[in-house]
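# Architecture and fold: a report
Spelled out, the chains give:
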Amino acid sequence: MAYKAEYIWIDGTEPTARLRSKTKIMDGKGDLPIWGFDGSSTNQAPGKNSDCVLKPVFNCPDPVRGGADVLVMCEVLLTDMTPHPTNTRAQLRPVAEKFANQAPLFGIEQEYTFFEDGRPHGFPVGGFPAPQGFYYCGVGADEVFGRPVVERHLDLCLQAGLSLSGINAEVMPGQWEFQVGPLSPLEVSDQLWMARWLLYRVAEDFGISATLDPKPVQGDWNGAGAHTNFSTKAMRESYPPIVAACEALGTNVEEHVKHYGADIEMRLTGSHETAPYNEYSYGVSDRGASVRIPWQVEVDQKGYIEDRRPNANMDPYVVTRLITNTVCSALS
Ligand code: ADP
Ligand code: MN
Ligand code: MN
Ligand code: MN
């Protein structure tokens, strides 16, 4: 029987790429084929030579449409079947393969903000709500805004088979977080992009938009990050590799921060639970450090570390590539 395949890809918008998708009707016979799109409408090709190729790399049930319908994450290729320059997944593949023997795992905390009528969901018209303090993990209509969308998003992700590990309300009204993982670099990145697509899609039905803007409101409000938790097999077994991983991340600071999401210097100011973007530090339980060793990890003398620097608008294919390369090179 015929079913719908929603082909999803990442475009060439700068400095922060966007998700695009379109529907292919499948006749029920055969595998998901490669497909094409007009790259001149997505910042991926000139009009005179506009064809780009979609190659399916990860698919899951489509929980929005239901039935036999599927969501299909794609890599973008040129017509000679080599990776398009905007295809950051292709750059992650060889790094993930090279260090697979160290079994790297990532858990990513995706923060985001709902907007409605041009202001954060829960902000009063023409003004500001009460200052931060009660919104984080709050309950009640005076503290929490957007929960029906968040609950629906969580259910859809689970129905799609994505490995979400939790959700929570964040420190600003209308700001939330979901966590994906722990998973391998490619899995966590594919699933995070898919979960982002589902977030935008489900919010549509509520007349609300979700944004990954790292600093959606200026002033005394936390920005939105994507804390990236990381471990290797060695780090999950003893403490010295935990310290070695923290030290390794301090050797390549500029290269990492430059690729941790546009406008990172607006978020990593040194206040609002961040460290300055141009100063590297790490510490146990320290939410003002670049990298935090969770207290439980110090107690257990093994586990994982949290790189707190990545912005909400980061590309997980890039961030997991940089961390895997920097830390696994040092540990090998
Ligand atoms: P926080 O206290 O920083 O808000 P969260 O509970 O939001 O922490 O997120 C913790 C993240 O750490 C989760 O995404 C989880 O999947 C991830 N995590 C747990 N164990 C590991 C591990 N061994 N390696 C990598 N990530 C891990
Ligand atoms: Mn969290
Ligand atoms: Mn958070
Ligand atoms: Mn965190």
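Residues numbered from 1 in each chain as written. Chains lettered and ligands numbered in written order. Predicted model: local features only at pLDDT ≥ 70, side-chain atom pairs only at ≥ 80, totals over all residues. Heavy atoms only, no water.

## A closer look at a nonpolar patch on the surface
- Among the surface-exposed residues, Val 284, Trp 295 and Val 299 lie close enough to one another that they form a single nonpolar patch of about 300 Å² accessible area.
- Turning to its location among the elements, Val 299 is positioned in helix α7 (residues 295–300). (Patch = residues over 30% accessible without salt bridge, like charges linked within 9 Å, V, L, I, M, F, W, Y side chains within 5 Å. Areas by Shrake-Rupley, 256 points an atom, 1.4 Å probe, with all protein chains shown as cover. Salt bridge = Lys/Arg side-chain N within 4 Å of Asp/Glu carboxyl O. Helix = DSSP H or I, 4+ residues; strand = E, 2+ residues; numbered from the N terminus.)

## Remarks on the sheet that holds strand β5 (residues 70–77)
- Spatially, the 5 strands line up as an open sheet ordered β2-β1-β5-β4-β3, and their pairing is mixed. Looking at the sheet topology across the chains shown, the edges are occupied by β2 (19–26) and β3 (35–38). The sheet shows a mean angle of 40 degrees between the axes of neighbouring strands, taken without regard to direction.
- Set on the sheet, helix α3 (residues 185–204) makes contact with β1 (3–10), β2, β4 (51–61) and β5; between it and β5 the angle comes to about 120 degrees. (Pairing = 2+ DSSP bridges. Axes fitted to C-alpha atoms, helices over the stretch in contact; angles between N-to-C directions. Contact = heavy atoms within 4.5 Å.)

## Comments concerning the coordination of the manganese ion (ligand 3)
- Donor atoms from the polypeptide that coordinate the manganese ion (ligand 3) comprise Glu 111 (OE), Glu 170 (OE) and Glu 177 (OE), at 2.1 to 2.2 Å from the metal.
- Separating the manganese ion (ligand 3) from the manganese ion (ligand 2) is a distance of 3.8 Å, and Glu 177 supplies a donor atom to each of them. With Glu 111 in strand β6 (residues 105–116) and Glu 177 in strand β9 (residues 175–183), the pair connects residues that are 66 residues apart, well separated along the chain. The same class applies to Glu 111 as to Glu 177, namely buried. (Donors = N, O, S within 2.8 Å, 3.2 Å for Na, K, Ca; no water. Buried < 20%, exposed > 50% of the residue type's maximum accessible area, 1.4 Å probe, protein only.)

## Quick look at the packing of helix α1 (residues 88–98) against helix α8 (residues 316–331)
- Packing of α1 against α8 leaves a shortest axis separation of 9 Å and a crossing angle of 25 degrees. Here α1 lies roughly parallel to α8, going by the angle between them. Crossing of α1 against α8: the hand is left-handed. On α8, the residues touching Thr 88, Arg 89, Gln 91, Leu 92 and Val 95 of α1 are Tyr 317, Val 318, Thr 320, Arg 321, Thr 324 and Asn 325.
- Here the residues of the contact of α1 with α8 are counted per class, giving 4 nonpolar, 5 polar and 2 charged. (Parallel < 35°, antiparallel > 145°, perpendicular 65-115°, else oblique. Left-handed = near helix turned anticlockwise from the far one by under 90°. Nonpolar A, V, L, I, M, F, W, Y, C, P; charged D, E, K, R; others polar.)

## Some details on the domain arrangement of the protein chain
- Looking at the assigned domains, one finds that the protein chain contains domain 1 (3–86) and domain 2 (95–331).
- Look at where the C-alpha atoms of domain 1 and domain 2 centre, and you get two points 26 Å apart.
- In this assembly, 15 residues from domain 1 lie in contact with 16 residues from domain 2.
- Summed over both sides, the interface of domain 1 with domain 2 buries roughly 1,500 Å², with 80% coming from carbon and sulfur. (Domains from an automatic or database assignment. Buried area = accessible area lost by both parts, 1.4 Å probe.)

## Description of the site of ligand 1
- Taken together, 17 residues surround ligand 1, and among them Glu 177, Pro 182, Ser 231, Arg 292 and Glu 306 come closest.
- Residue Gln 179 places a side-chain N or O atom 3.2 Å away from an oxygen atom belonging to ligand 1.
- Backbone polar atom of Gly 181 to an oxygen atom of ligand 1: 3.3 Å apart, as the coordinates give it.
- The protein chains hide 76% of the 580 Å² of surface that ligand 1 would expose on its own.
- Looking at the shell around ligand 1, the elements that each hand over two or more residues are β6, β9 and β11 (228–231).
- Grouping the amino acids of the shell around ligand 1 by side-chain chemistry returns 5 nonpolar, 6 polar and 6 charged. (Near = heavy atom within 4 Å. Polar contact = N/O pair within 3.5 Å; in protein donor to acceptor, adjacent residues only side chain to side chain.)

## A closer look at the side chain of Arg 267
- Of note, Arg 267 is situated in helix α6 (residues 264–267).
- Beyond its immediate sequence surroundings of up to four residues, Arg 267 is in contact with Pro 214, Lys 215, Gly 223, Ala 224, Gly 225, His 227, Thr 274, Arg 308, Arg 309, Pro 310 and Asn 311.

## Remarks on the pattern of salt bridges
- All chains considered together, the criterion is met by 12 salt bridges.
- A salt bridge links Glu 306 to Arg 292; the shortest N-O distance between them is 2.6 Å. On the criterion of sequence distance, the pair formed by Glu 306 in strand β14 (residues 305–307) and Arg 292 in strand β13 (residues 291–293) is long-range, its members being 14 residues apart. This pair shows no difference in class: Glu 306 is buried, exactly as Arg 292 is.
- Put simply, Glu 75, Arg 89, Arg 93 and Asp 190 are held in one network by salt bridges that share partners.

## Examining the side chain of His 256
- Structurally, the position occupied by His 256 is in helix α5 (residues 253–258).
- Setting aside anything within four residues of it in sequence, one finds His 256 in contact with Leu 249, Arg 309, Leu 322, Ile 323 and Thr 326.

## A closer look at the nonpolar core
- Counting residues in each nonpolar core, the largest one holds 68 residues, and the members touching the most others are Tyr 112, Phe 114, Leu 162, Phe 178, Ile 305 and Ile 323.
- Tallying contributions element by element places α3 first for this core, with 10 residues.
- For this core, the two domains that each supply at least three residues are domain 1 (3–86) and domain 2 (95–331).
- In terms of nonpolar packing, the next biggest core, distinct from the first, is built from 13 residues, Tyr 7, Trp 9, Phe 37 and Val 70 among them. (Core = buried A, V, L, I, M, F, W, Y, C linked by side-chain atoms within 4.5 Å.)

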